[in-house]
Amino acid sequence: MNKAKYIWMDGELTPWDNAKVHVLTHTLHYGNGAIEGTKAYKTVDGRCAIFKLNEHTKRLLNSAKMTLMDVPFSLEELNNAQVKLLQENELFDGAYIRPLVYLGYGVMGLYHKDAPVNVSISAWEWGAYLGEEGLKKGIRLKISSMTRTPNTSGMGKAKAVANYLNSQMAKFEAVEAGYDEALLRDDQGYIAEASGACFFMVRDGKLISPPSDNTLESITQATIIDLAQDMGLEVVRRRITREEIYIADEAFLTGTAAEVTPIREVDARVIGCGSRGPITEKLQTAYFDAVAGKNPDYIKHLTYIN
Ligand code: PMP
């Protein structure tokens, strides 16, 4: 891991190696916390900007609200903290930003109303989540034996720490079986999302992605839909079954970390040309242009840090 100089902890910039918590931190035991995953990119004019900062911070606060944690900082304070953290860490070539809302030390037992709510924000340089090679040639997916936690059993629309047990189990299974990533179905058997990204496929020139019924409301998915519509592509949000993916013309994953990662194989079926498809490539280029400030229509989503 690429260490940075500081981690923001409850309003203070703490040296990276001192950013520690007590072993009786509530979240460590019972798993109620909320995270974000936000990214800053070097822009075309040589500066650096955080993409859709406000959307990510808003989702963090919404996740905390869903999981019954009162965050002691405002949206604006948290936005400013992320900008300051990147500046103080001199992360001007881009960074991954990981805000965390967690229940701290002082209360044990499940009833958490009196547990302190703490916030940390870390940032570091992090390369392509599913590999540079994956971005170019595509990755191999396994449909998971794990069901995506249904919204009757959890806070599926929260980027809740607890949701990542489900994701971790699916990811481990897929990687141990020789695949790169897991695709999870909902409790009705329809495709929900990957362990840490959203799913898209192309059929007959149309872009199709599942509804958010049993998924995180993804910020990158919204960007991709906007970019696709800018290109005049028809976009459909509807349920997808596993066998339909096998005969898709193209498929890809989207996420802040996954960016736009083509899928070349699912469960031993080759998808389309078996590499990055033409529509996937166009959307991938459009996404990287948007985050790098090359598309004037998307500059409004950039928060420059220098
Ligand atoms: N689903 C899950 C489970 C995720 O962890 C992520 C990554 N945050 C996504 C989807 C994609 O969301 P976003 O585009 O907002 O990063």
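Residues numbered from 1 in each chain as written. Predicted model: local features only at pLDDT ≥ 70, side-chain atom pairs only at ≥ 80, totals over all residues. Heavy atoms only, no water.

The name an unreviewed UniProt entry gives the chain is Branched-chain-amino-acid aminotransferase, with Sulfurovum indicum as the organism. In the Sequence similarities (unreviewed entry) part of its UniProt record, the chain is described as follows: "Belongs to the class-IV pyridoxal-phosphate-dependent aminotransferase family." (UniProt positions renumbered as here; feature names shortened; annotations may be inferred.)

Draft legend 1. Focus on the pairing of strand E8 (residues 139-147). When E8 meets strand E15 (residues 259-266), the two strands line up parallel, connected through three bridges. Considered in E15, the bridge of arginine 140 is made with glutamate 265. For E8 and strand E9 (residues 181-185), the ladder comprises four bridges, and the chain directions are parallel. By the bridge assignment, lysine 142 is partnered in E9 with alanine 182. Handedness of the crossover is the feature at issue here: the chain leaves E8, passes through helix H5 (residues 163-176), returns alongside E9, and the resulting connection is right-handed. (Pairing = 2+ DSSP bridges. Helix = DSSP H or I, 4+ residues; strand = E, 2+ residues; numbered from the N terminus. Right-handed = clockwise from strand over helix to strand, strands pointing away.)

Draft legend 2. Region of interest: the pattern of salt bridges. Scanning all chains against the criterion turns up 15 salt bridges. One salt bridge connects aspartate 93 with lysine 42, and the closest N-O pair in it is separated by 3.0 Å. Taken together, the residues aspartate 93 in the loop between helix H3 (75-88) and strand E6 (94-103) and lysine 42 in strand E4 (residues 38-42) connect sequence positions 51 residues apart. As a salt-bridge pair, aspartate 267 and arginine 242 come within 2.9 Å of each other at their nearest N and O atoms. With aspartate 267 in the loop between E15 and strand E16 (269-270) and arginine 242 in helix H7 (residues 242-246), the pair connects residues that are 25 residues apart, well separated along the chain. Looking at arginine 242, the relative accessible area reads 28%, which means it is partly exposed. Where salt bridges share partners, they join Arg203, Arg238 and Glu244 into one cluster. (Salt bridge = Lys/Arg side-chain N within 4 Å of Asp/Glu carboxyl O. Buried < 20%, exposed > 50% of the residue type's maximum accessible area, 1.4 Å probe, protein only.)

Draft legend 3. Spatial organisation of the environment of isoleucine 279. Relative to the helices and strands, isoleucine 279 resides in helix H8 (residues 278-291). Look at isoleucine 279 and you get buried, because its relative accessible area is 18%. Residues isoleucine 279 and leucine 207, spaced 72 residues apart in sequence, show a C-alpha to C-alpha distance of 8.9 Å. Residues within four places of isoleucine 279 in sequence aside, it is in contact with Val202, Gly205, Leu233 and Glu250. (Contact = heavy atoms within 4.5 Å.)

Draft legend 4. Geometry of the domain arrangement of the chain. Domain boundaries in the chain define domain 1 (6-124) and domain 2 (132-291). Between the C-alpha centres of domain 1 and domain 2 there is a distance of 26 Å. Taken over both partners, the interface formed by domain 1 and domain 2 buries close to 1700 Å², and the fraction arising from carbon and sulfur atoms is 65%. The largest contributions to the domain 1 side of the interface with domain 2 come from Tyr41, Phe51 and Arg59, which together make up 34% of the buried area. Scanning the region where domain 1 abuts domain 2 turns up one salt bridge. Counting across the domain 1 and domain 2 interface gives eight residue pairs in polar contact (both at pLDDT 80 or more). (Domains from an automatic or database assignment. Buried area = accessible area lost by both parts, 1.4 Å probe. Polar contact = N/O pair within 3.5 Å; in protein donor to acceptor, adjacent residues only side chain to side chain.)

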